[in-house]
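Residue-level listing of the chains:
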Amino acid sequence: MNEQLILIGLGGVLAVSGLCIVAATRNLIKIAMGMQAIILGSLLTTAVALNSLPEPNVDPILLVTSVCAASETVSLSILYLAREKHRTIDPQKISKLKG
């Protein structure tokens, strides 16, 4: 039980620190890394919660992990396209994402 509380606390710290990174920065790469920290923190908390069930099931954890990987792929693709089109990753300079 003590190990579960440590992992849940670590997940909460990851989520809150990711939220602080997103709120404090103007760099798109740092924003994406903050979002990744939020996702990983919530994934860690979800995995601990699902593992503490009477019959642990791996399927929801695999589903959440797949969705997290897909969202990271999409966010990195958007960052790459924004960098190629506007030659910067500053969100203040990329305020209009029109073609």
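- The name given to the chain in an unreviewed UniProt entry is NADH-quinone oxidoreductase subunit K, with Thermofilum adornatum as the source organism.

### Some remarks on the overall build of the chain
Item 1. When its secondary structure is counted, the chain shows three helices and zero strands.
Item 2. Counting only residues that meet the buried cut, the chain has 18% of its 99 residues in that class.
Item 3. A sequence separation of at least 24 residues applies to 53% of the contacts in the chain between residues at least 6 apart.
Item 4. In the form shown here, the chain has an accessible surface area of approximately 7,200 Å², with 68% of it arising from carbon and sulfur atoms.

### Details of the UniProt feature "transmembrane region" (unreviewed entry) in the chain
Item 1. In the UniProt entry, the feature "transmembrane region" (unreviewed entry) is given for residues 6–24, 31–49 and 61–82.
Item 2. Annotated as residues 31–49, this span is 100% helix and 0% strand, and its ends, taken at the C-alpha atoms, are 27 Å apart.

### Section: the confidence of the model for the chain
Item 1. Per-residue pLDDT for the chain averages 76, and the proportion of residues at 70 or more is 85%.
Item 2. For the chain, the element scoring lowest by mean pLDDT is helix H3 (residues 59–86), at 75; helix H1 (residues 2–24) scores highest, at 81.

### Thoughts on the packing of H1 against helix H2 (residues 28–51)
The relative placement of two packed helices is expressed as an angle between their axes plus a distance between the axes.
Item 1. Remark: H1 packs on H2, axes separated minimally by 7 Å, with the N-to-C direction vectors making an angle of 160 degrees. On the basis of the axis angle, H1 is roughly antiparallel to H2. Taken as a pair, H1 and H2 cross one another with a handedness that is left-handed. Contact with H1, carried on its side by Gln4, Leu7, Ile8, Leu10, Gly11, Gly12, Leu14, Ala15, Gly18, Leu19, Ile21 and Val22, involves Lys30, Ile31, Gly34, Met35, Ala37, Ile38, Gly41, Leu44, Thr45 and Val48 of H2 and no other residues of that element.
Item 2. In terms of residue class, the contact of H1 with H2 is built from 14 nonpolar, seven polar and one charged.

### Thoughts on the environment of Leu19
Item 1. Topologically, Leu19 is positioned in helix H1.
Item 2. For Leu19, a relative accessible area of 54% corresponds to the exposed category.
Item 3. With 15 residues separating them in the primary sequence, Leu19 and Gly34 have C-alpha atoms 6.4 Å apart.

Thresholds, definitions, all that
Sequence order sets the numbering: in each chain, residues are counted from 1 along the sequence as written. Reporting in this predicted model follows two pLDDT cut-offs: at least 70 for local features of residues, and 80 or more for side-chain atom pairs to be given and counted; totals over whole chains, interfaces and linings ignore these cut-offs and use all residues. Only hydrogens and water are set aside when side-chain values are computed; all heavy atoms of the structure are taken into account. Helix numbers and strand numbers start at the N terminus; a helix is a DSSP run of H or I with at least 4 residues, a strand a run of E with at least 2. Burial classification: accessible surface area is computed with a 1.4 Å probe over protein chains only, and a residue below 20% of its type maximum counts as buried, one above 50% as exposed, and the rest as partly exposed. A contact between two residues is defined here by any heavy atoms of the two lying within 4.5 Å. Each accessible area value is a Shrake-Rupley result obtained with a 1.4 Å probe; residue values ignore everything except the protein chains displayed when judging cover. UniProt positions are given in the numbering used here, feature names are shortened, and annotations may be inferred rather than shown by experiment. pLDDT measures how confident the predictor is about each residue, on a scale from 0 to 100. Angles run from 0 to 180 degrees between N-to-C directions of axes, and those axes are lines fitted to C-alpha atoms, restricted for helices to the stretch in contact. Between 65 and 115 degrees an angle is taken as roughly perpendicular, under 35 as roughly parallel, over 145 as roughly antiparallel, and anywhere else as oblique. Throughout, a crossing is termed right-handed when the near helix is turned clockwise from the far one, and left-handed when it is turned anticlockwise from it by less than a right angle. Residue classes follow a fixed rule: Ala, Val, Leu, Ile, Met, Phe, Trp, Tyr, Cys and Pro count as nonpolar, while Asp, Glu, Lys and Arg count as charged, and any other residue, Gly among them, counts as polar.

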